Each structure stands twice: as structure tokens, then as C-alpha cells.
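Take a look at the letters that make up each chain.
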Amino acid sequence: MSEIPAKATESEDPSDGARARAADGLASAVGGALAADGVSSGDALWQSSPPGSIYDYIKVASFSIGPDGLVDQWSLRAEHLFGISADRAVGMDPIEAFIDPRHRERGMRKMAEILDGREWTGVVPFRMPSGAEGECGHEGLAEVYVMPTRTEEGEKAAVCIVVDVRTLRSIETDLAASQAIFSQSPFGFLLIDPDLRVRRANQRFASIFGGTPDDHRGKGVHDYLQRGEAERVAATLRRVLETGNSITDMHVTGFVPGSDERRHWSVNLYRVHSGSGRPIGVAWLGTDITARRAAAREAAAARRNLALLNEAGARIGNSLDLETTARQLLDVVVPGFCDLATVDLYQGLLAGDETPPGLADGSAELRRVAFASAVSDEPFAGAGVPVSVGAVHHYPFNSSCADALRTARPQTVPGEDGGLVQSTLAVPMVAHDTVVGLVQFARTKGSEPFGDRDRDLAVELAARAAVCIDNARLYRREHERALILQRSLLPPGDPEASGLDIACRYLPGNVNTGRPSEVGGDWFDVIELPGHRTALVVGDVMGRGLRAAVAMGELRTAVRTLAQLDLEPAEVLSQLDEIARGLGAPGGVQQATRAARRPREADLSEVYLATCVYAVYDSVTRRCTFANAGHLPPVLVEPGEPALMLDVPPGMPLGVGGEPFEEVEVELPEGALLALYTDGLVESRDHPLDEGLQAFVSALSDPTQPLEDVCDHVLNTLDTHHGEDDIALLMARVQGLPTDSVGDWTLPREPRSVGRAREYARAQLLAWDMEPLVDTTELLVSELVTNALRYGEGEIRLRLLLDRTLVCEVWDSGLVQPRRRRARDTDEGGRGLQLVGLLSAAWGSRRTPRGKTVWFELPLPGGDTSLTDPAEALLSLF
């Protein structure tokens, strides 16, 4: 490479300043390139520049001028710069060919001076000659270096070196911009050579890692990063050099000098090429994202906590069972929040105490109701002895757990040396200012320790679970009360009835679903009536809960009261309808009746509606009278016949009012099976009513089995596990009173009928081997027949019925009911009904379609009830 003078020896061109700046720019460019390659200025004089040097960026050409002033040599670079081949250029006059006509005269003078042996440097405007391969008329600006020479013959000639000034100025601008970007960038900027050594670093990088930018030259990634991270980064750098694929947002972790804080950087890598396209290194652009990573971790933790709270809100509290709610809490927190967790509840709370017993010292008995672990199935020890699920325990007074229970504030319990647990959060479960238990969250060693945010989250989770557990406790208390109430209102044990074999079942809603059961308003009843008759009742109050159970109890009590009055089934339902309407009115039945006559908006929350079927069975005649208030029809299965639903007109439900009820009388054959039930047995969301009724009728295909087995078969066959409603099932098999157990006589209205009635009674009792009852029966029959003669009308009918007790009935056509009164000591009469009441187990009167019936009942000999001595009874009247 020839040495180039820094300035012209003679200058007459007004653009001397531009030439000087261009020359300085070229020198700077060359110097910068040499510096980038690590070559000193002195060495550059003897350095052979490989492809990719500064000459790849600037346009430099050379040619020579002979003694005649014409081009005699034309280089390849001159061909590229001017676009004229050597064949055409040789022999051309450069002044005529490249100089504008306006400047040719001056150019001729300069050429003469050059050929006279003078050296010249200057900036010359030029244009392409016509017919050139380049664009015709294209103009340019060239820095020309002319050096005088001599030919072999000693004639004067010149060598010209031409530099494209516009390209040089562009390079100058680009170098200034690159320098500004590199030095003023707010990011750490490195140029790494193919040997993965730092060739250049900017001030921002040096300010982070110390020293000046020059101090980092020659260093590798292992000088800044730990071994594992350095090897990963070095491999990435090699891949970028080999493939040319850039890397965006590569995260690098390391430390800066003088600090133990772990730092994080986001690094972008791309391969850098020379002007000829040869890879010369990798550019490293890094920014510190430590604060951003910390903020991202905080945001991620906040999002995780919110997600955990959302999940807790969705999953905790779906059940009203205490243990299930505790397990749901642990399902949410393990392993998302902690590695191990337990829930302890006060033993008194689980036992159903009105308020949790939490002692002031925090050492009351607790029961471990739930445990979850992501690392081990062993019982959780925490800071003490391991406690199994279901075990009752207490915490020592000085323990952190007892302190948490005592103060209602969370406590941090450090793990034991050599143990699995790193630390534990003991958080009291507080609901409505009452501590109901304790939940412990534990993390194993190696996990992130609990922070303040975790502590707040644990308190929130425990509080939510505590409210749900307290709600479950309140529900359990109310449910148990309602269930006790409902059970107390249903018939105790297995009901018994004359002429009927009875079996019954009652299932509260949800009892088979695993969910907490909720009482409803279904009920059934078996009521013994005078004359060995039986009332069968099945009803359903619409709604659930304590309110429905209370309404059911009131209606059941009313049914039993009305049944004792011996009213007809239709009349019983009419009276029940009035009572049901009065249940929702503050003033009772009368207020409800008056309000019904006035148009008003009904408060549906205070409307009590119920369905009911009421049947009266007479064991003597085997006839059954039905009345229906909006209930499902009874099912009858006669021996040898398929089951069928009785056509009993369904009236309006109780509580609606305004419509009469109809009666249907059916004669039941011996051995027939009668079934009364509620809609929970035959209807659910998955099975419509028609399908359920058909399935119920089909399930009664073999009524000859024992009634208990028939009930079990029905419940096992039908879909009784839906738990949507209560199920009440009442079955009765007809066993009519045998003919030889009935004595029936008709007596004329004459005084002799009294004696005849005593004879009939004596003879029948002796035939039944009931001699101990003869005297008492004769005395009481004489009293009733005498009253019928004195106060009644028409013929007198005497009937004796023998079953579980002895029943005597006296019929007449009179409508006046006998009324018992207390006779004074001076009265000669008025003691007959008193005597009946003293000697009989029960007595009464009822209306009949043709008059009335007065009856009394005596226990059979050898039973639990002893007979009253007639003599003592007579003496007690005076």
C-alpha cells in the first residue's frame, strides 16, 4: 500500500476545506478499522489487508497518464468506479472525457502543470462520458491524488489515485452515527470476535462491570458469568456465529463485581459482517431486567394468590358438611400454596355445642379432621407429636399453635433441625369473631419460605373456610333440630291396625347422595278409629326445611284430631284445607277466610300448600273410603291381578280453598295390597312422573311376599337415590275381621230389648271364651241400650267386635249425641255414662248416615291392661 500524503502541496481549488475533511475522514476510517482489527498505525505500513478491509467500503481507483496527457493505464477499480472498460479508457484525454466543459480550460492548465512534474491533490467534479456503460450524464465528486512519474525513456508522466468523495462522506456520517450509538446507548453493548473475546465495550457495560471500556478488551464470557451459565452463553454465541440466526431476549443470570445480589439481563445477539459479507463477530446488546423480573415475580405471585382465592371461592363451601369443607380447603392449598396442611376443629363444635368451647388458654380439645400432603402420607407432626386424622388432641399452653388460638392471630413455627418441614404457618380459623379451629400450612426444606404476602393469603383462606365451616355448623344444628321434630311427628315404630298388616318407610332428602340431608314436609300416619276401623294418611307439604317440617306437624296433628271426631274423609280434607289456609295468616283460619274474600296480592312466602290422601278402612266390611287433595293416586294390588292405580278424583291441594272434595268407596278383597306414597318415590329430574309411576306399578308384581320385603324391593328397584325430595311409603295388606269375630243383632224399641241385649252379649262372650268380660260387658251394654231406648229413635242395633280388643257398638237413628255430665250426690240418675267411662278403656259416639253409634272398648284378658272391678266402679260414683 502506498503512503498517501495528508494534504495537497498546492491548492488552487476553493474546495480545499472539503478535501481536507475528506482526507481526515478517510484517515479516521482507516485508523478506526485498523483499531477494530487490533492493528497499530506503525504496523499498518507493512500490513496486507485481507478481503473485508476499509477498501470494501470506499471507492478507490487508479490510472496513469502518459507524456502526451492521455490515459495509458486503467485499473479494474477504475472500471468499477467510472464504468468504462480499460480498452476504451486507454488513449482517452481525461480532461475531455470526464471534466465538464465549463471546467476544461482550468483542467488543461492543471494537466500541463502535472506533466511539468508538479504533485497535486484536489477535489474534482466529474461526469461520465457519453456512451459509457454507466448511466449517461451521471455526475460525481472525486478526491484526486496526482503524483508525477517518469517513463522508462525518462519522459514525464503521472499516476492518479481517485477516491469517491460522496462515498467517503457517507462512511464518515455512518461512523459518527455508529460511534454515537455505541457510546451513548443505555444498554450494555459488546462486540465479540470469532474467538468469543470482547473486541469493544461501551461505557454502559463498563459502568456495570467496572473499569473503562478498554479494560474489557480480550475478556471472555467466563470472566463475567459462573461456569454453567458461561458455557450456555458461549454455546449460544458459537451458534449465532455459525448460523447467522439472531437471538432475542435471551435471559442471562450472574453477579456484578462487589455485590452478592443475583442479577438478570435480557440479551439480544446478532452476527456482524464486513463489507464483503465476511462474519467478523457477534454484537451483544444487553439490558438489566432484575427489577423487571422482581416485579414480574410479584405480579405472578399476586396472580397466583388471586387464582388461589378464586379457586377457594369456587370449591370451598359447596358442602354443608364440616369435614368435607375442611378437606376442600386442603385440596385448594396443597400443593399450590404449601406442601403439607392440616385442619383441627374444636371437639365441642363437632359435638354440636351451641358455641365452640375455645378455652381462654387455647388448649381446648381439638379433633384433626383433615390432612393433605404432597410429599408424604405420614401424619403431620408440625412442632409436636404426629396426630392422625380423627384423633382428639390439644396443644400445650406455651406452644405457638395455642398462642394462635388464644390470640386469634397467625404464628410462624420454624421447622425442627433434621426434619422435613422448613416452616409452618399456624392460622386460626375465625368466623364471626369466634375461633372455630386451626389450620396449619407447612413448606418443606428447599421450598420458598413464607413471606408477608403468603401470610395474608393464608389468613384469607382460613377465614373463608371458617365462615363455611360455621355455616355448616349452624346448618347441622338446624337440620338436627328439624329432623328431631320431623321424626317426633311421624308414627313411632311399626304402626298396628285392626284388619291390616302395615309396613312403612321414610327417607329424608339427600340421605343416599352423600350430601347433607334436608328435612321436608312428607308424612304418613296410621290412626285407629272406633269400630276396628283405621285411617291411613299420606301427605306432602310443599317446600323444605324447618318451615315445611313445622307445617307438616301442624297438619298431622290436625288430621289426628279430625280423625278422632270420626268425620267423613271428604269432610276431614275440607277442614284441613281451612287449617292450611290459616297457617300463613296471622289471625288464623278466620282471618285467612276473610282475607280470601278481599282481592289482594298474595305473599307466596306465607302460603302453605300441601297434598294429602285420606282413607278410612273398615275391617268388618273390608271397605275403604278415599278422599284426595291433589295427591298421587293410591295403588291397589289384588291377589292374582296386576297392580293398578285407583281412580280417586284429585281435588285441589290443601291451602288453595274454594273446591269441595269427592269420596270414592272401594271394597278390598282379602289379601289385597294397598300402597300410598309421596312424589319423591316416583319423580326426579332424570325420571318424569309418568315413567316413575309405571316403574312403581311394575315393582309391585309379587305382593304375596312379606310387606317389609315388598317395601325394600320397591326402594331398591326405583330411583330413590336422587335425594331431591323426601320419600314416604305406606303399605297395608288387607286382613279382614273374620265372620266369627263379629256379633250383630237388631233389637226392637221396647223395654225387653235391654235384657235381650245382655243375653246376646253373654252368649257371644262365652262362645269366644271371654268369660272375664261377661259381667262388665253386660253392665255397659245395658246402660247403652237403655240410653238408646230413652233418648234415641228407630231400631236399635247391637254389635260386638273381637280383635285386639273387644268393641261394643249400639246403633240407633237418633241424631242427638250423648253427653257425659257429673251427677250430684242427690241426683237419682245421670251416672250411666260415668259408669261407662270408668269401666271401659275408651268410649265415644260418632255420627252415621242414618243416625249415631255409641261404643265402648274393653281390653282382652291376659293383656297389659287390667279390668276394672264393677263393684268398685259403682261405689266410686257415690
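Worth saying up front: this structure is predicted, and the values here are computed from it rather than measured.

A word on the overall build of the protein chain. Secondary structure assignment for the protein chain yields 23 helices and 31 strands. For the protein chain, with 878 residues in total, the buried portion stands at 46%. Sequence-distant contacts, at least 24 apart, represent 61% of the contacts inside the protein chain between residues at least 6 apart. Carbon together with sulfur atoms contributes 50% to the accessible area of the protein chain, which is approximately 43800 Å² in total.

The topology assignment puts Ser782 in helix 21 (residues 774–791). With 28 residues separating them in the primary sequence, Ser782 and Val754 have C-alpha atoms 5.7 Å apart. Among all residues touching Ser782, those that are not within four sequence positions of it are Val754 and Arg758.

Two elements in contact, helix 21 and helix 22 (residues 832–839), have axes whose closest approach is 10 Å; the angle formed by their N-to-C orientations is 145°. Pair helix 21 / helix 22 crosses with left-handed handedness. Contacts from Thr776, Leu779, Leu780, Glu783, Leu784 and Asn787 of helix 21 reach helix 22 at Gly832, Leu833, Leu835, Val836 and Leu839. For the contact of helix 21 with helix 22, the residue count by class is seven nonpolar, three polar and one charged.

We now examine the packing of helix 20 (residues 752–767) against helix 21. Contact geometry for helix 20 and helix 21: axes closest at 9 Å, N-to-C directions at 150°. Here helix 21 runs roughly antiparallel to helix 20, going by the angle between their axes. Remark: the crossing between helix 20 and helix 21 carries right-handed chirality. Judged by residue contacts, Ser753, Val754, Ala757, Arg758, Ala761, Arg762, Leu765 and Leu766 of helix 20 engage Val774, Asp775, Thr777, Glu778, Val781, Ser782, Val785, Thr786 and Leu789 from helix 21.

In the sheet, strand 11 (residues 340–346) pairs with strand 12 (residues 366–373) via seven bridges, with the strands oriented antiparallel. Each bridged residue has a counterpart across the sheet, and for Leu340 the counterpart in strand 12 is Ser373. Here strand 12 runs beside strand 13 (residues 392–393); their pairing, made up of two bridges, is antiparallel. Residue pairing across strands places Arg367 opposite Val392, the latter belonging to strand 13.

In this section: the sheet that holds strand 21 (residues 623–629). Here five strands make up an open sheet; going across it, the order is 18-19-20-21-24 and the pairing antiparallel. A strand with exactly one partner marks an edge of an open sheet, and here the two such strands are strand 18 (520–529) and strand 24 (663–667). Between one strand axis and the next, the sheet turns by 15° as a mean value, whatever way the strands run. Pairing of strand 21 with strand 24 involves five bridges; the strand directions are antiparallel. Residue pairing in the sheet places Cys624 in a bridge with Val666 of strand 24.

Below, the discussion takes up unusual backbone geometry. Residues Val334 and Pro335 are joined by a peptide bond in cis, for which omega reads 0°. Within the element layout of this structure, Pro335 appears in the loop between helix 11 (322–333) and strand 11. Of note in the backbone geometry, Asp249 takes a positive phi value of approximately 55° without being a glycine. The exposure class of Asp249 is partly exposed, given its relative accessible area of 39%.

The strand order 13-12-11-16-15-14 describes an open sheet built from six strands, whose pairing is antiparallel. The outermost strands of the open sheet, each flanked by one partner alone, are strand 13 and strand 14 (411–414). With respect to the sheet, helix 11 is in contact with strand 11, strand 12, strand 15 (421–431) and strand 16 (434–444), its orientation differing from that of strand 12 by roughly 30°. Packing of helix 13 (residues 400–407) onto the sheet brings it into contact with strand 11, strand 12, strand 14, strand 15 and strand 16, and relative to strand 16 it is tilted by some 140°.

On to the packing of aromatic side chains, then. Per the stated rule, a full pass over the model turns up 13 aromatic pairs. For the ring pair Phe205 and Tyr224, a centre distance of 5.3 Å and an interplane angle of 80° mean the geometry is edge-to-face. Within this pair, whereas Phe205 is found in helix 8 (residues 203–209), its partner Tyr224 is found in the loop between helix 8 and helix 9 (227–243), the two being separated by 19 residues in sequence. You can call Phe205 buried: its relative accessible area is 6%.

Before going further, it helps to examine the pattern of salt bridges. Under the counting rule described, the total for this entry stands at 35 salt bridges. Measuring nitrogen to oxygen at the nearest pair gives 3.9 Å for the salt bridge that ties Glu113 to Lys110. Of this pair, Glu113 and Lys110 both sit in helix 6 (residues 104–115), three residues apart, roughly one helical turn. A single salt-bridge network, built from bridges that share partners, covers Arg533, Asp566, Arg799, Glu809 and Arg846.

The set of residues buried in helix 18 (residues 689–699) consists of Gly692, Leu693, Phe696, Val697 and Ala699. One face of helix 18 carries all of its buried residues, which in axial projection span an arc of 160°. Exposed and oriented more than 90 degrees from the buried face of helix 18 are Asp690 and Gln694.

Time to look at the side chain of Asp339. Within the element layout of this structure, Asp339 appears in the loop between helix 11 and strand 11. In this structure the side chain of Asp339 is engaged in a polar contact, spanning 2.9 Å, whose partner is the backbone nitrogen of Thr444. A polar contact of 3.0 Å, which involves the side chain of Asp339, links it to the side chain of Ser447. Apart from residues no more than four positions distant in its own chain, Asp339 is found in contact with Val334, Ala372, Ser373, Ala374, Val375, Ala442, Arg443, Thr444 and Ser447.

Regions with low pLDDT carry predicted coordinates that are not meant to be interpreted in detail. Taken over all residues, the pLDDT of the protein chain has a mean of 81, while the share at 70 or more is 82%. In the predicted structure, residues 1–51 sits below a pLDDT of 50 and forms 49 contacts with residues beyond four places in sequence or in another chain. The model gives residues 595–605 a pLDDT under 50, and that stretch makes four contacts with residues more than four places away or in other chains.

Cut-offs applied
Residues numbered from 1 in each chain as written. Predicted model: local features only at pLDDT ≥ 70, side-chain atom pairs only at ≥ 80, totals over all residues. Heavy atoms only, no water. Helix = DSSP H or I, 4+ residues; strand = E, 2+ residues; numbered from the N terminus. Buried < 20%, exposed > 50% of the residue type's maximum accessible area, 1.4 Å probe, protein only. Contact = heavy atoms within 4.5 Å. Areas by Shrake-Rupley, 256 points an atom, 1.4 Å probe, with all protein chains shown as cover. Axes fitted to C-alpha atoms, helices over the stretch in contact; angles between N-to-C directions. Left-handed = near helix turned anticlockwise from the far one by under 90°. Nonpolar A, V, L, I, M, F, W, Y, C, P; charged D, E, K, R; others polar. Parallel < 35°, antiparallel > 145°, perpendicular 65-115°, else oblique. Pairing = 2+ DSSP bridges. Phe/Tyr/Trp six-rings, centres within 6.5 Å; stacked < 30°, edge-to-face > 60°. Salt bridge = Lys/Arg side-chain N within 4 Å of Asp/Glu carboxyl O. Arc of directions from axis to C-beta. Polar contact = N/O pair within 3.5 Å; in protein donor to acceptor, adjacent residues only side chain to side chain. pLDDT = per-residue confidence, 0-100.

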